[in-house]
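Chains, contacts and geometry: an overview
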Amino acid sequence: MLLPGPDTRVVELRVPGVLGATPESVTGSASAVDVAGDGLGRVVRPADRMDRPVAGPSLSLGGRPISRVIEGYVWGAMTSGGVAKATWALLFPFTLANVAHWMLPPAPPGSRVARGLGTVLRALLRLAALGLTMLFIGQFAVVSLDLIAAQCLSPGLECAGGLTPTWLRDSPTLRMISGLLPVLLAIGVLFRVSGVDWELSVPQPAADPPGHAMSSLPGAGVAADPDTPALRGLHTTAALATVAWLLLGGPLGPLRADLAALWGTTMLILGLCALGVLLLDDPNGSHPDRAGRWLRAALAPAPRRMLVLAALVLLGASAAFAPELSGPLAASDATVQGIAVGLGLCCVLFGLLLIPAALLARSTWRKLPRGLRPWAGGWMAAPVLGLAGLLGGGFGAGIAITFEQVLTPVRLVLPSGYRWVTLVWGTAAGVALTAVLLCAPVLVLLGRIRKRRGTFTPPEVALLHKDRPQDEARAAKAWRRAEWQRKHAHQVLICFAGLLGVGAAASVTGQALGAPLPTGLAPLSGAGVVALALLGGGLLYLVWLAARHPERAKQVGVLADLAAFWPREAHPTVPPCYAMKVVPELVARAEEHLKAPGNRVVLVGHSQGSLLAAVAVSRLLETCSAHDRERIGLVTAGSQLQWAYPRAFPAVVPHSSLAKLHGELGGRWRSLCRGTDPLGGAVTTWARQVYDGRMLGVGFRADGSTGPLPAAKAGPHGALVLGGDHWLPDPMRGPFPLRRWAPGVLGHVEYQPDPEWDRAVSIAAGLEKP
């Protein structure tokens, strides 16, 4: 442990989570100014009335003040606000498919079978992602080409209030062009946004040489895929070919004999795209020959442009020689259903192959307590991918049904498969409503029983709020609710995906057998129409709201913001990975401060920022000298680094990587947590229990080992410190002199006002021992 000298200064570099943190809220000041950054990644400090950067409040060491500089790295502009960012909500199924790649279980060292299964699973993920793109464009083409151009704009039909001009209705060519233009625009937008990436304001970090051993610290595998441009070209080509396929006849064959050559060419291009995404597998660029030199040469920029151009010419020829748009398109139903069935089969095969992969990976977490093991035994990627496919189909059907309802009074003809989609979603809505109606009386009854018998108070709450009965009662209720959410949120997602999956399987079976929609299920189908119309209309409303009132739309796409931490891998049309910009710039800023011999740098991450801060500290430890490592600390607050990330992403943020990071820091990793926080929790301890009025538990030790810990010690402000975790009383004790006060149950917010924040920073900076 380094002894503090007269020139010691602590630099507290704060990293906020999502939901549009402001410079003032990050620095805890009334005013803040930029001191570095490029506008997207902003390094800010508190400021005085003249907008001059000022230092933060000093820390105390045995009564002696230690200078402290507070900086914040504000990155919310990369994810929140504006119509461009809100439209990512429409593409959320693509994001889910990409996240599923990072949720795959790890391959145990030396297991060839596990490595082979991993290769096949990644290939199936990329194929399913291609199917999602084709389904999205196919359903969009049904709205634009079928519902609007072929039906609504057909001659003699009064549609959309008769607002469409006669010259447009009477020209088949113009109607075809008007139907194709929105589809081409959508494909162009997908291609454009899939190429958007963030520019670093610091020099690009050097890539690891081929064969370099991957680090075992958190986030070591988070790297950009060099094959993403090739994947983008294949998705664009497949999207164009899908529209041509719909015009020519779809999977049932060409509509006329003279279209056979065009139809065969379309099938060939789609097959080449599927083959390309199956063979692309190089997530870290460390094996340049893995996919074969011939494949890389075939997917170089020039060949990719030729392939996209060929698909565009094919679409033009298909539009020129296809039958005129008069009435419902013959191939709409078969095309959408064919893509959906193919996507479903791919998801089923993925789920089946994931079972042995997860079983083989059990050896990497078998010794962990049950509460620390991956969700669903490492099988969580399957329901996430299935949910991506089901949401993709539901989004498209919902938007189509919304347009059908809007384009009145004429009754338009939707593809017959949409009736089964409405049944699936209607059944899911009915089951969810039934569950709510059944659970509500049970919850009321349990509440009355608890009230008569006395409300159960978690023993940790009784320790934290001793002699404060009102705070204890409020904290106990919030503690129980937050604990339930942390334990069972992923199970709710699995049940929802399973419910939709069973309904989808029944729907496909009914369509394959040619069975008509049962008349007794008409109410469920009607409920599905309402649910999908609300889904489609709600998504369009969110985009409109973000365009008109960006300040009111900060919460639009929060899930997409969280998922955007992961680089593009399975699907190219996902939000650009902000971690690829935030982490290098955090590392560069910390290294700049470490140049001063007396500086000690503590990275402080709240919520999602805790993952960014942990990965940044891991990169710092790999590049800094031994002396500089002792001047680096980490504080996490409201973090998901135990209950969520290692369990959802066991190959990228495994529990073992957190243990190694804690050992590298030698006790300079402190975690602020509240039992009332539904999104955050403990990080360095587990298996906690209260015995004889003391909190005990197991966790990471300062020497790098893992095992039972000494009983928790009460801090000067009411917190209980067990290992590296500081359990804060919520509501806070106090008020405290010269500190901001935050009343009530705070949950996931307002960690900074608690006095334990400064104490955790002091310990992480090595100013005092825990």
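Residue positions are counted from 1 within each chain, in the order its sequence is given. Where totals are concerned, whole chains, interfaces and linings use all residues; where local detail is concerned, this predicted model gives features only for residues with pLDDT of at least 70, and gives and counts side-chain atom pairs only at 80 or more. The side-chain figures draw on all heavy atoms in the structure; neither hydrogens nor water molecules are used.

What follows concerns the pairing of strand E2 (residues 32–37). The side chains of a regular strand alternate, first on one face of the sheet and then on the other. When DSSP finds at least two bridges between two strands, those strands are taken to pair. Put simply, DSSP H or I for four residues or longer makes a helix, DSSP E for two residues or longer makes a strand, and each gets a number counted from the N terminus. Where E2 meets strand E3 (residues 42–46), five bridges bridge the pair, whose relative direction is antiparallel. Paired with Ala32 across the two strands is Pro46, which belongs to E3. Counting the residues between successive antiparallel strands, the hairpin from E2 to E3 contains four residues, one of them, Gly39, with a positive phi of roughly 100°.

With that out of the way, let us pick up a nonpolar patch on the surface. In this scheme, patches are assembled from residues that exceed 30% relative accessible area and form no salt bridge. Like charges are connected within 9 Å, while nonpolar side chains (Val, Leu, Ile, Met, Phe, Trp, Tyr) are connected within 5 Å. Methods summary: accessible areas were calculated by the Shrake-Rupley approach with a probe of 1.4 Å, and residue burial reflects only the protein chains presented. What makes a salt bridge here is a side-chain nitrogen of Lys or Arg within 4 Å of a carboxyl oxygen of Asp or Glu, nothing more. The grouping of Trp167, Leu174, Ile177, Leu181, Leu184, Met306, Leu309, Leu312 and Val313 at the surface amounts to a nonpolar patch, some 870 Å² of accessible area in total. For the nonpolar patch, the secondary-structure elements that each account for two or more residues are helix H6 (172–193) and helix H10 (301–321). Its place among the elements puts Leu174 in helix H6. Under the relative-accessibility criterion, Leu174 is labelled partly exposed at 34%. Buried residues are those whose accessible area, probed at 1.4 Å on protein chains only, stays under 20% of the maximum for their type, while exposed residues exceed 50% and partly exposed ones sit between those limits.

Below, the discussion takes up the packing of helix H8 (residues 260–279) against H10. Axis definition: a line fit to C-alpha positions, over the contact stretch in the case of helices; interaxial angles, taken between N-to-C directions, run 0 to 180 degrees. The geometry of H8 relative to H10 is characterised by a closest axis approach of 11 Å and an angle of 150° between their N-to-C directions. Our classification of the angle between H8 and H10 gives roughly antiparallel. Where H8 crosses over H10, the two elements pack in a sense that is left-handed. Residue-level inspection shows Leu262, Thr265, Thr266 and Ile269 of H8 in contact with H10, the latter providing Ala311, Leu314, Ala317, Ser318 and Phe321. Each residue is assigned to one of three groups, with Ala, Val, Leu, Ile, Met, Phe, Trp, Tyr, Cys and Pro labelled nonpolar, Asp, Glu, Lys and Arg labelled charged, and all others, Gly among them, labelled polar. Looking at the contact of H8 with H10 residue by residue, the classes come out as six nonpolar, three polar and no charged. Should an angle fall under 35 degrees it is taken as roughly parallel, and over 145 as roughly antiparallel, whereas 65 to 115 is taken as roughly perpendicular and any remaining angle as oblique. Take the far helix as your reference; a near helix turned counterclockwise from it by less than a right angle gives a left-handed crossing, and one turned clockwise gives a right-handed crossing. By the convention used here, residues are in contact when the closest approach between their heavy atoms is within 4.5 Å.

A few words on empty space enclosed by the protein. Detection works on a 1 Å grid of protein atoms alone, calling trapped sets that fit a 1.4 Å probe cavities and calling open sets with protein on both sides within 12 Å along at least five of seven lines pockets, with lining residues defined by an atom within 4 Å of a point. Grid points are joined across faces, edges and corners, and a volume is the space filled by probe spheres set on the points. Counted by the stated rule, this structure contains five cavities of 30 Å³ or more. As a volume, the largest cavity reaches approximately 80 Å³. In terms of lining residues, the largest cavity is bounded by 13 residues, among which Leu190, Phe191, His235, Thr236 and Thr573 are the most central. Elements represented by at least two residues in the lining of the largest cavity include exactly H6 and helix H7 (228–248). With four residues, the top contributor of residues to the lining of the largest cavity is H7. Partitioning the lining of the largest cavity into residue classes produces six nonpolar, six polar and one charged.

To continue, consider helix H23 (residues 756–764). Counting buried positions over the nine residues of H23 gives eight, a clear majority of the element. Among all positions of H23, only Glu756, Trp757, Asp758, Ala760, Val761, Ser762, Ile763 and Ala764 are buried. One or two steps after H23, the chain reaches Gly766, where phi turns positive at roughly 80°.

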